[in-house]
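# What the coordinates show
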Amino acid sequence: MKAEGHPDYHMITVKMTDGTEFQTRSTWGSEGDTLTLDIDPTSHPAWTGGTKQIQEGGRVAAFNKRFGGLSLKKN
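The present account deals with the structure reproduced in this document. Since this is a predicted model, take the numbers as computed values, not measurements. (Residues numbered from 1 in each chain as written. Predicted model: local features only at pLDDT ≥ 70, side-chain atom pairs only at ≥ 80, totals over all residues. Heavy atoms only, no water.)

### Let's talk about the pairing of strand β2 (residues 21–26)
As a reminder of what qualifies: Two strands pair if DSSP finds at least two bridges between them. Segments assigned H or I by DSSP are reported as helices when at least four residues long, segments assigned E as strands when at least two residues long, and all are numbered from the N terminus.
Bridge count for strand β1 (residues 10–15) against β2 is six bridges, and the pairing is antiparallel. Residue pairing across strands places valine 14 opposite phenylalanine 22, the latter belonging to β2. Connecting the antiparallel pair β1 and β2 is a turn made up of five residues, with glycine 19 showing a positive phi of about 95°.

Set out below in structure tokens:
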């Protein structure tokens, strides 16, 4: 393989939302940079079991709410 065809793979520091840090290898940034996360497994509702957004009533209810006053009957 050609050496110039690959990105630079180096050590960086990742800082989690709770302040903890760990070292990992990455192609992001440059050697010694710190990647500060806005969302991570300690704060995201998908991992913490937080509130979920659910549709109330589904698509038919949304249609009826929007077009419920319309009628096909002739007056």
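Picking up where we left off.
### Some words on the packing of aromatic side chains
For any pair of aromatic rings, geometry is given as the distance between the ring centres together with the angle between the planes. Put simply, the rule reads: Pairs were defined over the aromatic rings of Phe, Tyr and Trp, the Trp ring being its six-membered one, requiring ring centres within 6.5 Å. Orientation was assigned from the angle between planes: stacked under 30 degrees, edge-to-face over 60, tilted for the rest. Each residue gets one of three labels from its accessible area relative to the maximum for its type: buried under 20%, exposed over 50%, partly exposed in between, using a 1.4 Å probe on protein chains only.
The tally for this structure, following the rule as stated, stands at one aromatic pair. Seen from their ring centres, phenylalanine 63 and phenylalanine 67 are 5.0 Å apart, and the 45° between their planes marks the pair as tilted. With phenylalanine 63 and phenylalanine 67 both in helix α2 (residues 58–67), this residue pair falls four residues apart, about one helical turn. A relative accessible area of 34% places phenylalanine 67 in the partly exposed class.

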